[in-house]
Amino acid sequence: MKIQLLPIAVLTLVLLAFCSCTEKEAAEAELRFESHVIDGKDTDNLKSYYLSAAAPFYSAHSVVAYNYKTHSLEYFNEREIFKTISLEREGENGIPGELVSMLPVSEDSIWVGNMVGFYLLDKDGAVKRKYSPEKEHITNSNYAMNIAAMCWFEGRYLVFPVRDESSFLLYFLDTETDSICREILLDLPASNKEGKNSYAGFDYPHVSFTKDMAIYNYGYDHSVFTVDLKTGEKRSFTVPSDYSPECLKPFEKTDDIKDWNLYWWENCHYQNVMPLLDSGLFVRLTLLGSEVDSDTNPETIIDSKQICLTYMNDKFEVLFETVLPAGKYSNFSGWCALPECLMLYVDNRLDGKTDDQLEVEYISYP
């Protein structure tokens, strides 16, 4: 009997492994990739944008992106740039500096944020309302720090994250009274429960939203957190990855920028968890770590990082993961969640292309 058990056990393990591989391969095979070159209509458009947001009131594939060179908002779909709003830097409608966040609300309204505060614009770029929070807001679109959005909640409240010393909060701005009417503390992961560790700029939370829920995570840890915006109920989820560690080792503080760069380059960086609202799915993008040696070109090390996509259901259970080809997409916050798919900019300094065309790729599952 014992002699017969060994082959059966081995056969069982082989079958399980085969089924597991088959299921994963099948899941990855169901990803759909659709590439489009966007007609710039003779505008001074970029090949990729670090700040983009879905504009679904136009169409499922409509996006608004910030052009930092022209200080303008450019709306495009899978065919063309169909609308441009030029922003002013001074005067009554002035928005100084560069934008770090934006929230399209309708065809006639969009919230934008710079390092100072937030501005509600109409379809022509006129400032209809502005607000500067007392605490440091951390809405952002920086792959090396955090990607944090705003939320327009119940048609009255602008919800956004702020920093309060070593803590992070969600602020609810009542736009009818111009006052903060509510705040919710954002929890830290178990790997940094006291918030005393340093991660060389990865310390800030990524924040995204559905209609009534905030989703946040940290660049140094695989955990995902949610907050019900109505009730304040908090939940946490463990979202493991086959390609990244559970958490990063803390950065040993130093003033040498070389040490900071090495930490950024060698380590993975969990990016934001994005809701694909019409599909009920969530996708986390991760920039994987890179091996660095004496021959590594520091100017293209970020371009060489591979992108890992982790798809989850509404219970934040991992459906599958896949790693995209290196040297193809923009790793500088060059992605945007649309209602049914993820959009990536096809722009990388390692791709050998010399044209200036704007190209995007839509990735859909299932």
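Residues numbered from 1 in each chain as written. Predicted model: local features only at pLDDT ≥ 70, side-chain atom pairs only at ≥ 80, totals over all residues. Heavy atoms only, no water.

This part is about the sheet that holds strand E2 (residues 52-54). Pairing within the open sheet is antiparallel, and its four strands lie in the order E2-E3-E4-E5. Sheet topology places E2 and strand E5 (81-86) at the edges, where each strand pairs with a single neighbour. On average, each strand axis in the sheet is tilted by 20° relative to the strand beside it, whichever way the strands run. By the bridge criterion, five bridges tie strand E3 (residues 63-67) to strand E4 (residues 72-76) in an arrangement that is antiparallel. (Pairing = 2+ DSSP bridges. Helix = DSSP H or I, 4+ residues; strand = E, 2+ residues; numbered from the N terminus. Axes fitted to C-alpha atoms, helices over the stretch in contact; angles between N-to-C directions.)

Moving on, we get to the packing of aromatic side chains. For the structure on display, the rule yields 31 aromatic pairs. Between tyrosine 58 and tyrosine 75, the aromatic rings sit 5.7 Å apart at their centres with planes inclined by 75°, giving edge-to-face as the arrangement. With tyrosine 58 in the loop between E2 and E3 and tyrosine 75 in strand E4, the pair connects residues that are 17 residues apart, well separated along the chain. Centroid distance phenylalanine 282 to phenylalanine 316: 4.6 Å. Interplanar angle 35°. Geometry classified as tilted. Taken together, the positions of phenylalanine 282 in strand E22 (residues 281-287) and phenylalanine 316 in the loop between strand E23 (307-312) and strand E24 (318-323) put the pair 34 residues apart, joining distant regions of the chain. An identical accessibility class is assigned to phenylalanine 282 and phenylalanine 316; each is buried. (Phe/Tyr/Trp six-rings, centres within 6.5 Å; stacked < 30°, edge-to-face > 60°. Buried < 20%, exposed > 50% of the residue type's maximum accessible area, 1.4 Å probe, protein only.)

Only a minority of non-glycine residues have a phi that is not negative, and only a minority of peptide bonds are not trans. Look at the link from tyrosine 365 to proline 366: it is a cis peptide, with omega at 0°. Checked against the element boundaries, proline 366 lands in the segment after strand E27 (358-364). Positive phi values are uncommon outside glycine, yet aspartate 178 reaches one of about 55°. Its place among the elements puts aspartate 178 in the loop between strand E15 (167-174) and strand E16 (179-186). Judged by relative accessible area, aspartate 178 falls into the partly exposed class, the value being 38%. The phi torsion at alanine 200 lies on the positive side, around 55°, for a residue other than glycine. With respect to the secondary-structure elements, alanine 200 resides in the loop between E16 and strand E17 (205-209). You can call alanine 200 buried: its relative accessible area is 0%.

Here the focus is the pattern of salt bridges. Inspection of every chain in the model, using the stated rule, returns 12 salt bridges. Here glutamate 176 makes a salt bridge to arginine 156, at a shortest N to O gap of 3.6 Å. Remark: arginine 156 occurs in the loop between strand E13 (151-153) and strand E14 (157-164) and glutamate 176 occurs in the loop between E15 and E16; sequence separation between them is 20 residues. Its relative accessible area of 61% is what places glutamate 176 among the exposed residues. Arginine 156 gets classed as partly exposed once you look at its relative accessible area, which sits at 27%. Among the ionic pairs, lysine 234 bridges to aspartate 187, the shortest N-O distance being 3.3 Å. Within this pair, whereas lysine 234 is found in strand E20 (residues 234-238), its partner aspartate 187 is found in the loop between E16 and E17, the two being separated by 47 residues in sequence. We classify lysine 234 as partly exposed; its relative accessible area is 34%. A network of salt bridges, in which partner residues are shared, links Arg156, Asp174 and Glu176. (Salt bridge = Lys/Arg side-chain N within 4 Å of Asp/Glu carboxyl O.)

This part covers the sheet that holds strand E25 (residues 335-337). Sheet architecture is open: four strands sit in the order E1-E27-E26-E25, paired in antiparallel fashion. Two strands lie at the open edges of the sheet, namely strand E1 (32-38) and E25, each paired on one side alone. Taken pair by pair, the neighbouring strands of this sheet meet at an average axis angle of 20°, ignoring direction. Across three bridges, the pairing between E25 and strand E26 (residues 342-345) is antiparallel. In the sheet register, alanine 337 faces E26, and the bridge partner there is leucine 342.

This part takes up the environment of leucine 158. Among the secondary structure elements, leucine 158 is positioned in strand E14. For the pair formed by leucine 158 and phenylalanine 172, sequence separation is 14 residues and the distance between their alpha carbons is 5.8 Å. Excluding its chain neighbours within four sequence positions, the residues that come into contact with leucine 158 are Leu103, Trp111, Phe118, Met150, Cys151, Trp152, Tyr171, Phe172, Leu173 and Thr175. (Contact = heavy atoms within 4.5 Å.)

The next subject is the nonpolar core. Counting residues in hydrophobic clusters, the biggest one holds 30 residues, and the most contacted among them are Leu170, Phe209, Tyr218 and Leu229. In this structure leucine 170 touches Val159, Phe160, Pro161, Arg182, Glu183, Ile184, Leu186, Val207, Phe209, Ala214 and Leu229, once residues within four positions along its chain are discounted. Of all hydrophobic cores here, the second largest spans 26 residues; its members include Tyr143, Trp265, Met274 and Val283. (Core = buried A, V, L, I, M, F, W, Y, C linked by side-chain atoms within 4.5 Å.)

Looking now at the pairing of strand E7 (residues 109-113). Across the five residues of E7, four count as buried, placing the element largely inside the fold. In this sheet, E7 lies alongside strand E6 (residues 101-106) in antiparallel orientation, the contact comprising five bridges. Its bridge partner being in E7, serine 101 is matched across the sheet by glycine 113. The turn joining E6 and E7, which pair antiparallel and follow one another in sequence, is formed by two residues. Here E7 runs beside strand E8 (residues 118-121); their pairing, made up of four bridges, is antiparallel. Among the inter-strand pairings, tryptophan 111 is bridged to a residue of E8, identified as leucine 120. The turn joining E7 and E8, which pair antiparallel and follow one another in sequence, is formed by four residues.

Bear in mind that shape data such as this cannot, by itself, settle questions of function.
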